Protein chains: 2
Amino acid sequence: MSRDIRRLSVRKRNGEELSEDELRWIVEAYTAGEIDDAPMAAWLMAVCCAGMTDAETWVLTDAMARSGELLDLSGLSRPTVDKHSTGGVGDKVTLVAAPIAAACGACVAKMSGRGLGHTGGTIDKLEAIPGLQTAIEPQRFMRQAEEIGLVVAAQSDRLAPADGKIYALRDATGTVDSRPLIASSIMSKKIAAGAAAIILDVTVGSGAFMEHQDEARALAELMVGIGERAGRRTVALLTDMNEPLGRAVGNAIEVEEAVAVLGGGGPADTREVATAVAAWMLVMSGVERSIAGARETVDAAIDGGGALESLRSMVEAQGGDVGALDRPLLGHRPTARGEFEVRRSGVITRLDARKVGYAALASGAGRRRKGDSVDPAAGLRLLRKEGDEVASGDVIAEVGASSDRHLDDAVRELREAVTIGDEQPPSRQLVLGVVGAEEIG
Amino acid sequence: MSRDIRRLSVRKRNGEELSEDELRWIVEAYTAGEIDDAPMAAWLMAVCCAGMTDAETWVLTDAMARSGELLDLSGLSRPTVDKHSTGGVGDKVTLVAAPIAAACGACVAKMSGRGLGHTGGTIDKLEAIPGLQTAIEPQRFMRQAEEIGLVVAAQSDRLAPADGKIYALRDATGTVDSRPLIASSIMSKKIAAGAAAIILDVTVGSGAFMEHQDEARALAELMVGIGERAGRRTVALLTDMNEPLGRAVGNAIEVEEAVAVLGGGGPADTREVATAVAAWMLVMSGVERSIAGARETVDAAIDGGGALESLRSMVEAQGGDVGALDRPLLGHRPTARGEFEVRRSGVITRLDARKVGYAALASGAGRRRKGDSVDPAAGLRLLRKEGDEVASGDVIAEVGASSDRHLDDAVRELREAVTIGDEQPPSRQLVLGVVGAEEIG
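Residues numbered from 1 in each chain as written. Chains lettered and ligands numbered in written order. Predicted model: local features only at pLDDT ≥ 70, side-chain atom pairs only at ≥ 80, totals over all residues. Heavy atoms only, no water.

### Thoughts on the nonpolar core
Okay, so step 1: By size, the foremost hydrophobic cluster in this structure holds 102 residues, and its most contacted members are Met40(A), Trp43(A), Val202(A), Met40(B) and Trp43(B).
Okay, so step 2: Beyond its immediate stretch of four places on either side in the chain, Met40(A) contacts Ile26(A), Tyr30(A), Ile35(A), Ile166(A) and Leu169(A).
Okay, so step 3: Residues Ala98(A), Ile100(A), Val249(A) and Val283(A) belong to the second largest nonpolar core, which totals 93 residues. (Core = buried A, V, L, I, M, F, W, Y, C linked by side-chain atoms within 4.5 Å. Buried < 20%, exposed > 50% of the residue type's maximum accessible area, 1.4 Å probe, protein only. Contact = heavy atoms within 4.5 Å.)

### Comments concerning the environment of Ala97(A)
Residues and elements named next belong to chain A.
Okay, so step 1: Summarising the element assignment, Ala 97 is placed in helix H5 (residues 93-103).
Okay, so step 2: Exposure remark for Ala 97: the relative accessible area of 0% places this residue in the buried category.
Okay, so step 3: Between the alpha carbons of Ala 97 and Glu 211 there is a distance of 24 Å; along the sequence they are 114 residues apart.
Okay, so step 4: In contact with Ala 97, other than residues within four places in its own chain, are Ala 274, Val 277, Ala 278 and Met 281. (Helix = DSSP H or I, 4+ residues; strand = E, 2+ residues; numbered from the N terminus.)

### So, the sheet that holds strand E5 (residues 233-240) of chain B
The strands that make up a sheet pair up through hydrogen bonds in the backbone, lying either parallel or antiparallel.
All names here are of chain B.
Okay, so step 1: Strand order in the open sheet made by the four strands is E1-E4-E5-E13, with mixed pairing throughout. Looking at which strands have only one partner, the edges of the open sheet turn out to be strand E1 (81-85) and strand E13 (431-435). Mean inter-strand twist for the sheet, computed between neighbouring axes without regard to direction, equals 20 degrees.
Okay, so step 2: Where strand E4 (residues 197-204) and E5 come together, eight bridges link them in parallel fashion. Within E5, the residue paired with Thr 203 across the bridge is Thr 239. (Pairing = 2+ DSSP bridges. Axes fitted to C-alpha atoms, helices over the stretch in contact; angles between N-to-C directions.)

### Examining the relation of the copies chain B and chain A
Okay, so step 1: With an RMSD of 0.0 Å, the operation that places chain B on chain A is a rotation of 179 degrees combined with a shift of 0.0 Å along the axis. Read as a symmetry element, the transformation amounts to a two-fold axis. Considering only C-alpha atoms, the residue of chain B closest to the rotation axis is Ala38(B), which sits at 1.9 Å.
Okay, so step 2: In this assembly the copies share their binding face: 100% of the residues contributing to the interface of chain B also contribute to that of chain A. (Least-squares fit on C-alpha atoms with pLDDT ≥ 70 in both.)

### A few points about the packing of aromatic side chains
Okay, so step 1: The full count for this structure, using the stated rule, is zero aromatic pairs over all chains.
Okay, so step 2: The cationic tip of Lys165(A) hangs over the ring face of Tyr30(A); the distance from NZ or CZ to the ring centre is 4.5 Å. (Phe/Tyr/Trp six-rings, centres within 6.5 Å; stacked < 30°, edge-to-face > 60°. Lys NZ or Arg CZ within 6 Å of the ring centre and 35° of its normal.)

### Some thoughts on the domain arrangement of chain A
Residues and elements named next belong to chain A.
Okay, so step 1: Domain assignment breaks chain A into domain 1 (5-51), domain 2 (81-326 + 431-435) and domain 3 (333-421).
Okay, so step 2: Computed over C-alpha atoms only, the centres of domain 1 and domain 2 are separated by 31 Å.
Okay, so step 3: Together, the buried faces of domain 1 and domain 2 total about 1,000 Å²; carbon and sulfur atoms form 82% of this surface.
Okay, so step 4: Scanning the region where domain 1 abuts domain 2 turns up zero salt bridges.
Okay, so step 5: Across the contact surface, domain 1 and domain 2 share one residue pair in polar contact (both at pLDDT 80 or more). (Domains from an automatic or database assignment. Buried area = accessible area lost by both parts, 1.4 Å probe. Salt bridge = Lys/Arg side-chain N within 4 Å of Asp/Glu carboxyl O. Polar contact = N/O pair within 3.5 Å; in protein donor to acceptor, adjacent residues only side chain to side chain.)

### Here's the deal with the interface of chain B and chain A
Okay, so step 1: Across the boundary between the two partners, chain B contributes 20 residues, which contact 21 residues of chain A.
Okay, so step 2: Across the chain B/chain A interface, buried area totals approximately 1,600 Å², and carbon plus sulfur atoms make up 65% of it.
Okay, so step 3: Applying the counting rule to chain B against chain A returns zero salt bridges.
Okay, so step 4: Counting only elements with at least two residues in the side of chain B that touches chain A, the list comes to helix H1 (5-13), helix H3 (37-50) and helix H8 (161-173) of chain B.
Okay, so step 5: When residues in the side of chain B that touches chain A are grouped by element, the largest group, nine residues, is from H3(B).
Okay, so step 6: A per-class count over the side of chain B that touches chain A returns eleven nonpolar, four polar and five charged. (Nonpolar A, V, L, I, M, F, W, Y, C, P; charged D, E, K, R; others polar.)

### A word on the packing of helix H15 (residues 353-363) of chain B against helix H16 (residues 404-417) of chain B
The geometry of a pair of packed helices is captured by two quantities: the angle between their axes and the separation between those axes.
Residues and elements named next belong to chain B.
Okay, so step 1: Where H15 contacts H16, the axes come no closer than 7 Å and their chain directions differ by 175 degrees. The orientation of H15 with respect to H16, classified from their angle, is roughly antiparallel. Between H15, through Lys 355, Val 356, Tyr 358, Ala 359, Ala 362 and Ser 363, and H16, the contact on the second element is made entirely by His 406, Asp 409, Ala 410, Glu 413, Leu 414, Glu 416 and Ala 417.
Okay, so step 2: In terms of residue class, the contact of H15 with H16 is built from seven nonpolar, two polar and four charged. (Parallel < 35°, antiparallel > 145°, perpendicular 65-115°, else oblique.)

### Focus: the pattern of salt bridges
Okay, so step 1: Per the counting criterion, the structure on display carries 58 salt bridges over all chains.
Okay, so step 2: For Glu254(A), the salt bridge identified is with Lys125(A), shortest N-O distance 2.9 Å. With Glu254(A) in helix H11 (residues 252-262) and Lys125(A) in helix H6 (residues 122-126), this residue pair connects regions lying 129 residues apart in the sequence.
Okay, so step 3: Accessibility expressed as a relative area gives 1% for Lys125(A), which makes it buried.
Okay, so step 4: Put simply, Arg381(B) and Glu398(B) hold a salt bridge, and the shortest N to O gap is 3.7 Å. With Arg381(B) in strand E9 (residues 379-382) and Glu398(B) in strand E11 (residues 395-401), the pair connects residues that are 17 residues apart, well separated along the chain.
Okay, so step 5: Given the relative accessible area of 27%, Arg381(B) is considered partly exposed.
Okay, so step 6: Judged by its relative accessible area of 33%, Glu398(B) falls in the partly exposed class.
Okay, so step 7: Each of Asp240(A), Arg350(A), Asp352(A), Glu386(A) and Arg428(A) takes part in a single network of salt bridges with overlapping partners.

### Things to note about the state of the cysteines
Residues and elements named next belong to chain A.
Okay, so step 1: Enumeration over the complete set of coordinates arrives at zero disulfides over all chains.
Okay, so step 2: Between Cys 104, a free cysteine, and Cys 107, which holds the nearest cysteine sulfur, the sulfur-to-sulfur gap is 14 Å.
Okay, so step 3: A relative accessible area of 16% means that Cys 104 is categorised as buried. (Disulfide = S-S within 2.5 Å.)

### What about helix H8 (residues 161-173) of chain A?
What sets the pattern is the α-helix's 3.6 residues per turn: residues three or four places apart point alike.
Okay, so step 1: Taking 1.5 Å of rise per residue, the 13 residues of H8(A) would be expected to cover 18 Å, and the 19 Å separating its terminal C-alpha atoms lies within 8% of that figure.
Okay, so step 2: When H8(A) is considered as a whole, its buried residues turn out to be Ala162(A), Asp163(A), Ile166(A), Leu169(A), Arg170(A) and Thr173(A). Projected onto a plane normal to the axis of H8(A), the buried residues spread over an arc of 135 degrees and lie on a single side.
Okay, so step 3: In this fold, the buried residues of H8(A) make contact with helix H2 (20-31), helix H3 (37-50), helix H4 (54-65) and helix H9 (179-192) of chain A together with H1 and H3 of chain B.
Okay, so step 4: Note on H8(A): the residue one or two positions beyond its end, Gly174(A), has a positive phi of about 70 degrees. (Expected span 1.5 Å × (residues − 1). Arc of directions from axis to C-beta.)

### Side note on unusual backbone geometry
Residues apart from glycine generally show negative phi values, whereas peptide bonds are mostly found in trans.
Residue and element names in this part refer to chain A.
Okay, so step 1: A positive phi angle, near 45 degrees, is found at Ala 160, a position not held by glycine.
Okay, so step 2: Here Ala 160 is to be found in the loop between strand E3 (150-154) and H8.
Okay, so step 3: The class for Ala 160 is buried, based on a relative accessible area of 3%.
Okay, so step 4: In this model, Leu 330 sits at a positive phi of 55 degrees, which is unusual for a non-glycine residue.
Okay, so step 5: Tracing the backbone shows Leu 330 in the loop between helix H14 (306-317) and strand E7 (336-341).
Okay, so step 6: Among the residues examined, Leu 330 registers a relative accessible area of 2% and is labelled buried.

If you want it as structure tokens, here you go:
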């Protein structure tokens, strides 16, 4: 094996498969600071250009997972299940699906991330709940998981530290967009986080990382293969992200929508995707045998109030103000408020998820750079969505923003996001396909 | 245009052509420290993978040339000509061809480099002449060029500083091997160095950067195109570098061989390549009209002593001990001396240039890393070469080394370099072709 990163970069770009020892050495040496950023960046670009075999991708993922602690959830009495989304706009699926799954007997002990750019992150949304803590020590994490079956903590630096370091370098060097690098980044964290089953929500469309369904499917297949190889029951749902999910985009406002869905209301699209994910969480964790049965159990958990109660228990256990869940915007008040009116009559033919994400970012709800703070009160409420008829002057969105300037910027971005035409746009499926778990009906 | 290096890396790896403004910005911003090493390394790897159009390569080269001073040699009374080799083993062509060209009426005012790895550098060789200075201030450089028509100085940091910084990064990141990056590196320095004509010696074979003639020809065509576009009369000779050139490999020992060739003796192969290069220097600078005429002039300069006298004048002008040119090894004495004997009888079928270069490096004559010092006295004298018959026990090389350990290492490397068989190897042409200057016979 070679221990010269330059030589390994040359071999990779010439299309050679690197050995297991070589790949493990790269991950270990880079994490330990023995390989500098510049040669590592060149190697990552060589991977972007020449790709990796599935065998290489597996080794890379496993090495990254083993670069730090491996959480052991096997001592918990309930079957464990994790869930991950490749990111979207208005994506509050975790906030709905995880409490449902916990209410139905699974244990969801998971780490989540923060938002970046046009996509939101579950941790930012949870932190909009006054008092709620997301930095949770391992012992407390395990105790909460055992006691209420639901804990959502901020991604720990101790899990897959190689991924943290490599991801930061990819972000800085234009080497993000590579299927094996994306798959290894996501799956190394999921494997290290210890759940026995993994549900992947692979979003597709303008607001997602993958614009095309074939790319998303290929990524899903790669990740499911890695999960299975790691001994985790893994399935991926391909879901549409051309239009924002639901009507709320922001932090407090998305929690508000999640609470509504858990209470049996809320937008139909949010409920459809979140309950599909929840049903798969129940099946893959072994709580339910079939998707049909799981769907009934999920509906019953919503109707019976157990799902919402599960979220309340988690909020309480993590120090949050449970009463805030009943208040509009969790009790937050945006500094500036405004409305977005359309300037012509017709039908909304396009409500571009990415551009709505930029509008939410402009309002103050998101972060442009890692480390920026987010405004929990900022965000958008979409009163109309694709297919809705509008008349010139109709308000189709309410905007809460961090300042008047943020408000103006958000409204300007929203204008880019909306297209009004004369004919109904074709309707879209929300769940586009399922990858993995072929034996389950 | 984009001023986000990450975005430019992504576009490059997707096979897009970058704009002139974008490429100039990359060179300027990296040289100014506004682009970090890691994203620049990723961009360089994207270029290695996806290539560049000729138009892009020209802009890159021109931007690198303009990153520092542009020498103006137009005030000199003689026609100026520069010469560059892509590197070899035993390559003392500059030491022979430049004095010949100067003796025949051209002005050779050039910058040269130091050796690295298995290849030597003209500056290291010249510095083996006691007292000789290669760090020459611009004013003195111009005066010497005007007065004796010959000056060889160490590459100035003020010329094409972008190339210096980019080359160091390429060396550290496995992004050396890219035709547009090689061409722009070489030609940016040649353009900045100001000569009106440029002769490129593009070596081919095991001891060269390019192993195959088609690669070397493609590089030569690219560089000739760049030179012509910069308004310089440019030609490239493709020369064989499978076997070391001549019989001397080292520093003082190569100067000794150059002096022998300038005096009308020395190995035939060194004379053949060096006089071919010198003849092209005369033609491209306009001193001669035809290669045939130039060859006669070159031979006369050797036979009449003018060529050697030109070298002596340069050595004197640069503070060197002219008398040393008449002493074996310029008066140096290697710390350790040894001989290399063959262990079987037959014919030398292979004397691998790269491996002989490694032997010279091991002897102390070369540097493994930039900044290492070289031993002027160390090196090899090849008593037999490919095609020569040998009997077991024959000494085929003498080795001078920096220590007994260096000597052992050099002899061990030499054993790898030599293959003895039973049949004569096919004979090789030394000058394999000429690229450019098609109008000249």
